[in-house]
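# A structural walkthrough
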Amino acid sequence: MRGPSSRGDVDPFIVMQVMAAAAEREAAGGDVLHLEVGQPSTSAPKGVLAATRAALDTNLIGYTLPLGLPDLRQRIAGHYRDWYDVDVPAERIAVTTGSSGGFTLAFLSAFEHGARVALASPGYPAYRNILSALGVDVVDLPTEANDRFQPTVARLNDSGPLDGVIVASPSNPTGTMLDAPAMKAIADWCRTNDVRLISDEIYHGISFGHRSVSALESAPDALVINSFSKYFSMTGWRIGWMVVPPDLIDAVERLAANFFISPPTLSQIGATAAFDCYDEAQANVARYARNREILLNDLPSAGLTDLAPADGAFYIYANVAQHTNDSEDFCRRMLAEIGIACTPGTDFDPARGHASIRLSFAGSGEDMAEACRRLKGWL
Ligand SMILES: Cc1ncc(COP(=O)(O)O)c(C=O)c1O
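Residues numbered from 1 in each chain as written. Predicted model: local features only at pLDDT ≥ 70, side-chain atom pairs only at ≥ 80, totals over all residues. Heavy atoms only, no water.

### With respect to the environment of L299
Note the threshold: Runs of H or I in DSSP of at least four residues are treated as helices and runs of E of at least two as strands, each being numbered from the N terminus. Exposure classes here rest on a 1.4 Å probe applied to the protein chains alone. A residue is buried below 20% of its type maximum, exposed above 50%, and partly exposed in between. In what follows, residue pairs with any heavy atoms lying within 4.5 Å of each other are defined as contacts.
Topologically, L299 is positioned in helix α10 (residues 278–302). For L299, a relative accessible area of 1% corresponds to the buried category. Once the C-alpha coordinates of L299 and A369 are considered, the two residues, 70 residues apart in sequence, prove to be 9.5 Å apart. Contacts of L299, omitting those with residues within four sequence positions, involve I294, L304, L307, I316, L359, C372 and L375.

### A short note on the site of the ligand
To keep things clear, this is the line we draw: One heavy atom within 4 Å of a molecule or strand is enough for the residue carrying it to be called near that molecule or strand. Throughout this description, a polar contact denotes any pair of N or O atoms lying within 3.5 Å of each other; where both atoms belong to protein, one of them has to be capable of donating a hydrogen while the other can accept it, and for residues adjacent in sequence the pair is counted only when both atoms sit in side chains. We get accessible surface area from the Shrake-Rupley algorithm with a probe of 1.4 Å; when it comes to residues, only the shown protein chains can shield them. Only protein atoms enter the 1 Å grid, on which a cavity is a set of points fitting a 1.4 Å probe that cannot get out and a pocket is an open set with protein on both sides within 12 Å along at least 5 of 7 lines, lining residues being those with an atom within 4 Å of a point. Pocket or cavity membership: a molecule qualifies when more than half of its atoms sit within 2 Å of the grid points of that site. The classification used treats Ala, Val, Leu, Ile, Met, Phe, Trp, Tyr, Cys and Pro as nonpolar, Asp, Glu, Lys and Arg as charged, and all other residues, Gly among them, as polar.
Neighbouring residues of the ligand: 14 residues in total, closest S100, D200, S227, S229 and K230. For the ligand, an oxygen atom lies 2.7 Å from a polar atom in the side chain of S227. In the model, an oxygen atom of the ligand is placed 2.7 Å from a nitrogen or oxygen of the R238 side chain. Protein chains shield 92% of the accessible area of the ligand, which is 400 Å² for the free molecule. Here the ligand is seated within the largest pocket. Ranked by residues supplied to the shell around the ligand, first place goes to helix α4 (residues 98–110) with four residues. In the shell around the ligand, the residues fall into five nonpolar, six polar and three charged.

### Focus on the pairing of strand β10 (residues 315–319)
Put simply, side chains in a regular strand alternate between the two faces of the sheet. Applicable threshold: The pairing criterion is simple: DSSP has to find at least two bridges between the two strands.
Of all five residues that make up β10, four are buried, and the element is covered over most of its length. As judged from the two bridges shared by strand β9 (residues 306–307) and β10, these two strands associate in the antiparallel manner. Each residue of the ladder has a partner; that of D306, found in β10, is N319. Where β10 meets strand β13 (residues 356–360), five bridges bridge the pair, whose relative direction is antiparallel.

### Things to note about empty space enclosed by the protein
Short version of the rule: Grid points are joined across faces, edges and corners, and a volume is the space filled by probe spheres set on the points.
Within the structure shown, the criterion is met by two cavities of 30 Å³ or more. Lining the largest cavity are 14 residues, with A120, P122, G123, Y127 and A168 sitting closest to its centre. Counting residues per element, the ones that place at least two in the lining of the largest cavity are β3 (116–121) and β5 (164–168). In terms of residue count, β5 provides more of the lining of the largest cavity than any other element does, three residues in total. In terms of residue class, the lining of the largest cavity is built from 10 nonpolar, four polar and no charged. Considering only enclosed or pocket space, the second largest cavity measures out at about 60 Å³ in volume. If you go around the second largest cavity, the residues you meet are H79, W83, Y84, I202, H204, N226, S227, Y231, F232 and W241. Those elements that place two or more of their residues in the lining of the second largest cavity are α3 (70–84) and β7 (223–227). At three residues, α3 tops the list of elements feeding residues into the lining of the second largest cavity.

Here it is in C-alpha cells:
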C-alpha cells in the first residue's frame, strides 16, 4: 500500500505537546501556570461580540466573496491610513482564515516550487513547515542577541541567491522589533536584489515604548500578513488579512476561492466591529505591559538573567544555557516539579533552541508573580 506523502511529514508544534502535558496535569488535579500559550487570556472585544450576536438573528451567514466582505476590507484599508499613514486600496486587501490561512496563499502565489526563502531563527515554526510542505527551500538566517534576533543585510548578503525573505516584527518568540531604519535597509536590499519581502505583522499594536513599523512604510510592494488574533484578542475566530502587491492579488483571489471559498462570514462581521474597539484592545496591551515589567524585574533574581529585549508581542525569550542544554527536558521538569508550563526553544530554533525557553506573559499578573516565586525556589 502507498504511504503518506513526504510533503505532509512536517515537524509538530512542540508547544502543543506542552499544552497537552499541562492539560493532563490539570486533569489529575494539579495546578498549572500557563506561560506556554501564545494567545490572549481575554475574549474578543465587547463590540465584536455584540455585532456577531446581532448578525446571527438577521444575517444568513452564507459565503462571502473570496477576498472578504467589502466593508471589512474598507475598514482594514482605513486602519493603514490611521496607524501608518499609508494608503492601501481596499482592492488589495485579502481577508483570510487567520494569518495562518494567509501564509499558504502568500507562499503559493509568490514562490515557485524549489524557490529559496530566507527567514530568521529563532522564528515562528509554521513559516518553515508550510514552506517545506509546499516544496520551497528554507534558508536559515541564524540571528544573535547583538542583532536583536532580526535578519540583517549582512546575513542576507551571505545567503546565496534568494527569491523571498520573511520578517516578523515584533517577533515570536523573541518579541524583538525592526525599527524604521532596519526595516528600510531590508526593504531596500530586497528591491535591489529583486527579492519578494513578506512581513508578518501579527503582533502590531502590542509593543512597549516604540510603535511597530509596517514594511509598507518603506516597501509599498511588500506582502503584509496580519490577523485579528493577538491585538484584538480573537484567536479562535480564525480571521486575519493580507495586504497583497498588485501583481499577486488575482492569483491570491483564485487560490482563496478554490482553497476556502470564503473566510468565515460570522468572524468577518465581528472583525469589522473590531476597529471600533481600540480602547479595549489597548487595555489588554496595558496589562501585557504590567506583566512584562513583573517578569523583567523578577526573572533575573529567580536565576534567568539573559533575556531578549521583549520590545513587543507577549513573549520573553530566555537563554537557559547556565541551567541546561536540553530545553525540552528542562520544560518537562519545570511543569512536573513546579507546575509552570513554558515552551522549549527547539520549537523556534531546531539547531540552537536547546539552550532557550519562551515565556508568554499573555496571562494574569498574579500568575507572572507566582511563576517568578516558584522559579526562584527551583533554579
Ligand atoms: C508570528 C506568528 N504568526 C502567525 C501566527 C498565526 O496566527 P493566526 O493564524 O491565529 O492569525 C502566530 C500564532 O501564534 C504567530 O505567533
